[in-house]
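Survey of secondary and tertiary structure
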Amino acid sequence: MDNTVRIALIPGDGVGYEVMAEARPCLEWAQNRGRAVETIELPYGADHFLATGETLPETAFLHIRDRCDAILFGAVGDPRVPDGRHAEEILLRLRQDLQLTVNFRPCRTPCPTPYPGMENRTPSVDIEVFRENTEGPYCLQGSTEPGRAVDLAIHTESAVHRLLSAAFRRAEATGHPLVLAHKANVLKHGHGLWMRVFEALRREHPQVAARGMHADALLCALVQDPTAFRILAADNYLGDLISDLCAAYIGGMGVAPSLSWAPHRPFRCTALAEPVHGSAPDIAGQGLANPTGMLLGTALLFRHLAWEPEAEALERAVARALSEGARTRDLGGTLSTKAMGQAIRDQLP
Ligand code: ATP
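Residues numbered from 1 in each chain as written. Predicted model: local features only at pLDDT ≥ 70, side-chain atom pairs only at ≥ 80, totals over all residues. Heavy atoms only, no water.

Re helix α9 (residues 292–304)
Filter applied, for reference: Counting from the N terminus, the helices are DSSP H or I runs at least four residues long and the strands are E runs at least two residues long. Expected helix span is taken as 1.5 Å per residue step, with the number of steps being one fewer than the number of residues. Between buried and exposed lies partly exposed: a residue is buried under 20% and exposed over 50% of the maximum accessible area for its type, with that area taken using a 1.4 Å probe on protein chains only.
For α9, which comprises 13 residues, the first-to-last C-alpha distance of 18 Å matches the rise-based estimate of 18 Å (1.5 Å per residue) to within 8%. In terms of burial, α9 is a largely internal element, eleven of the 13 residues being buried. Turning to α9, its buried residues number three or more, namely Thr 292, Gly 293, Met 294, Leu 295, Leu 296, Gly 297, Thr 298, Ala 299, Leu 300, Leu 301 and Phe 302.

Let's talk about the nonpolar core
This is how the line gets drawn: Within this scheme, the nonpolar core is defined by two criteria: the residues are buried Ala, Val, Leu, Ile, Met, Phe, Trp, Tyr or Cys, and they are joined through side-chain atoms within 4.5 Å. Note that the domain bounds were set by an automatic or database domain assignment. Only heavy atoms matter for contacts: two residues are in contact if any of them lie within 4.5 Å across the pair.
Counting 89 residues, the largest nonpolar core has Leu 72, Phe 130, Leu 164, Leu 178 and Ile 242 as its most contacted members. When residues are assigned to domains, this core turns out to be shared by domain 1 (1–103 + 257–349) and domain 2 (126–248), each giving three or more. Here Ile 242 is in contact with Val 129, Ala 181, Leu 218, Leu 219, Leu 222, Leu 232 and Ala 234, once residues within four sequence places are set aside. Counting 21 residues, the second-largest nonpolar core is a separate cluster that includes Tyr 44, Leu 56, Val 76 and Leu 98.

A closer look at the pattern of salt bridges
What counts here: The term salt bridge refers to a pairing of a side-chain nitrogen on Lys or Arg with a carboxyl oxygen on Asp or Glu at a separation within 4 Å.
One pass over the structure, following the stated rule, counts 26 salt bridges. For Asp 126, the salt bridge goes to Arg 230, with nearest N and O atoms at 3.2 Å. With Asp 126 in strand β5 (residues 126–132) and Arg 230 in the loop between α7 (215–224) and β10 (231–234), this residue pair connects regions lying 104 residues apart in the sequence. Here Asp 126 falls in the partly exposed class, since its relative accessible area comes to 23%.

Topic: the side chain of Thr 292
As for its position among the elements, Thr 292 is in helix α9. Exposure remark for Thr 292: the relative accessible area of 0% places this residue in the buried category. Setting aside chain neighbours within four positions, we find Thr 292 in contact with Gly 254, Val 255, Val 318, Met 340 and Ile 344.

Shown next, in the form of structure tokens:
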């Protein structure tokens, strides 16, 4: 049986191209270690949209869905497309139509040496955020009317159950406590549903220390002591905010990775790995982007593919490069995107 893994590479826009260029050699490295992998590079992003009017053509979507195992994604977003239509039709469509419900965002201090400006912060944050990835107010349904605007927030029991089950399974496997961020006191319908599913899963997993917290109180407690938290779960909107806050504790947007996956495996393509950051138009094309988040995202993809030795080796390479002082500008250093990528790859076995 052909067990070749097929990965779609979508650099997207802006710094997405620059960080993807640093991830590609890591796939070649895995291939040289004997992993059977084929990649297909897809051009979808603002340049392609502005030149052709196409965002993500149906044939390409179906090819990814049915013929690829996973996607490695850079970033989308471009000031030349101010309404962000292409970004919605590419990235949000992939997340929603591939049912990539679980967005896993680990925020782990990647090296023991604090970055400049972070000396007084705690050096050992280790928080995993489970963010629902397809619903909530990001489902793009609403309207703008005279004097009134509406954004619908849809929450389905199946997606909430899938997300929370993944978080409970992780809490059970690690023995770490789980906190659900919610605002069920005001969002009685949507977050009321989250609380009902949460309570049912809590009964099924009595060994997990699980509790809910109002999101505002949780943010306050997180800022006061991020080491008090290990696994956080939240809906799409709150999870987006919480995971960016957690990323700040480990060095900012340039170092945080993300893996979206479909635990129920509805299609062949079950995962999308990417950095947490966007296309960063303010620094794009200047070699200033930090590729660390992208490379740690590549490690998450390796783990998803059950390539544990490669995932660990890449994470270790990042930690060693940072410990030895490799830094891009966002971390107070002078290395270019390419030089940082190389410094990390130089640490691979
Ligand atoms: P999105 O909504 O798509 O997540 P955003 O508007 O929140 O995007 P980003 O593109 O992530 O914003 O950029 C936010 C800030 O972080 C910008 O100042 C940007 O320069 C910085 N940034 C983002 N990615 C990186 C990176 N890889 N290296 C260094 N700085 C980065």
